[in-house]
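A closer look at the structure
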Amino acid sequence: MDADTDGTGVLVVEPMGNAGPFLAEAAERLGLRLYGATHREVHEGYAPWLTGALAGVCLTDLTDPGRALDDLEAYCRTHRISAVAACWELFTPLAAALAARLGLPGNDPALARAARNKIEMAEAFRAAGVPAPAGAVAADATEAHRVAAEAGLGWPLVVKPAEQGGSWGVSVVSGPEELDEAVAAARRFTRAMPHGLPLDNRVLLQSHVPGAEYSAETVVCEGVAYALPVVAKETTTGRYRVETGHTCPAGLSPELDRAVRHTAARAALAVGVRNGIAHTEMKVPPGSGSPVVIETGARLPGDNICEIVEAATGVSEAVAYLQAVTGHPPDTRVTRERAAAIRFLLPERAGVLEHVRVPEIPGTRAELELCPGDPVPEPADSAGRIGHVVAVADSPERARSLAARAIDGTRLHVK
Ligand SMILES: Nc1ncnc2c1ncn2[C@@H]1O[C@H](COP(=O)(O)OP(=O)(O)OP(=O)(O)O)[C@@H](O)[C@H]1O
Ligand SMILES: [Mg+2]
């Protein structure tokens, strides 16, 4: 624990995200007081562990930046809060604006929207020379046909909402006949729930980047980037690229490992991360050795990646993030040489969950997100998960195969 941070108050703008439990645990380790900022109705649905982890909550309207900034500023001053962290991708620009207004360590407010909106992100990457797919923007299907041809994106191409996450509305389109449906799928999000935040519902079309996919976090303190361990990401291969799991370490050659971490750091800096963390996803076209950035977000990773990285390397990304926003050099030392993998339990189709039984395998831990009787959505995005299995072992191959054994041995029935 860092004595300087003892008792410091940190305001987390919507702590309800997947990384919330890791932030809460990290705050306890560092002796920080954690406060939340959210909506009254959203707060009413908080899990008991989250309510218990917070020293206080500022209730405001996060969808109204003017009002939210006034409310949050007043709250921070009253509660002697001296750091701001974001835990919800769509509110990372708000967190940057709040930190700037309070004179606290934070990200560049002028660039912060680029970490939320994939159209602005593409512009920020272009301006900074970060390798990213060729792209085009469309407001509707007619424009999509025209700009895809004009930009020479070729087929397959990827269609995605300008503002969304969890692979919602992302499709890989193999020819013009599939484009209308993909644009409609990407444009169906007009507001992000549960806050009701209005979204930019233009679509981004990108050339399809082949190859293996990786992610890496970058913690940045006073503009200095510290690269965190690389994680291999596995997805389904069809029209919908849904995450099936993640493994750390990624098992890369030292050269490629360095290139992936360096590219992630460049992406983080390009979208104005100055005191914070970024989660960057990249693909490496076969034989190229050159990562291409798919996206970055100025937040901790989702999908329990914090747990995987810490189990494999001893690095707590949530601790590093809180150290960065409280203005302390982040602790990024690797202290463990293990491997960890997470695999998601995905249904084959939508319906109602009848029963699910994950086998108990030593070295694995299973967690179910749905119970029998719950509706199961179509496995088109990360909302379709039934649960996950985490495995820890001596090598990435062994961790991956242990987790796969537990998933493959699961008895699951969806009616
Ligand atoms: N241009 C591309 N080329 C190849 N694959 C892509 C491309 N864009 C997206 N994908 C695939 O689709 C997945 C989801 O896309 P993206 O990360 O842009 O959306 P997202 O909704 O923010 O995703 P998530 O929150 O699930 O990471 C990527 O992880 C990748 O597997
Ligand atoms: Mg993504």
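An unreviewed UniProt entry annotates the chain as ATP-grasp domain-containing protein originating from Streptomyces cylindrosporus.

Looking at the sheet that holds strand S17 (residues 351–357)
An order of S19-S17-S21 is seen for the three strands of this open sheet, with the pairing classed as antiparallel. Of all strands in the sheet, those with a lone pairing partner are strand S19 (375–376) and strand S21 (411–414), marking the two edges. Relative to S19, S17 runs antiparallel, the two sharing two bridges. Looking across to S19, one finds that Gly351 is bridged to Val376.

Thoughts on the packing of helix H6 (residues 118–128) against helix H9 (residues 254–270)
In the contact formed by H6 and H9, the axes pass within 9 Å of each other and the chain directions differ by 110 degrees. Considered as vectors, H6 and H9 are oriented roughly perpendicular to each other. In this structure, H6 meets H9 at a crossing whose hand is right-handed. Contacts between H6 and H9 involve Ala124, Phe125 and Ala128 from the first element and Arg266, Ala267 and Ala270 from the second. Partitioning the contact of H6 with H9 into residue classes produces five nonpolar, no polar and one charged.

Topic: the nonpolar core
Core analysis: the largest hydrophobic core is formed by 70 residues, its most contacted members being Leu11, Leu72 and Leu322. Among the elements that line this core, the one with the most residues is helix H11 (residues 317–325), at seven residues. Each residue touching Leu72, except ones within four places of it in the same chain, is listed here: Leu11, Ala37, Cys58, Thr60, Leu62, Leu94 and Leu98. In this structure, Ala115, Ala232, Ala264 and Ala268 belong to the second largest nonpolar core, which totals 26 residues.

Scoring rules and cut-offs
Residues numbered from 1 in each chain as written. Chains lettered and ligands numbered in written order. Predicted model: local features only at pLDDT ≥ 70, side-chain atom pairs only at ≥ 80, totals over all residues. Heavy atoms only, no water. Pairing = 2+ DSSP bridges. Helix = DSSP H or I, 4+ residues; strand = E, 2+ residues; numbered from the N terminus. Axes fitted to C-alpha atoms, helices over the stretch in contact; angles between N-to-C directions. Parallel < 35°, antiparallel > 145°, perpendicular 65-115°, else oblique. Left-handed = near helix turned anticlockwise from the far one by under 90°. Contact = heavy atoms within 4.5 Å. Nonpolar A, V, L, I, M, F, W, Y, C, P; charged D, E, K, R; others polar. Core = buried A, V, L, I, M, F, W, Y, C linked by side-chain atoms within 4.5 Å. Buried < 20%, exposed > 50% of the residue type's maximum accessible area, 1.4 Å probe, protein only.

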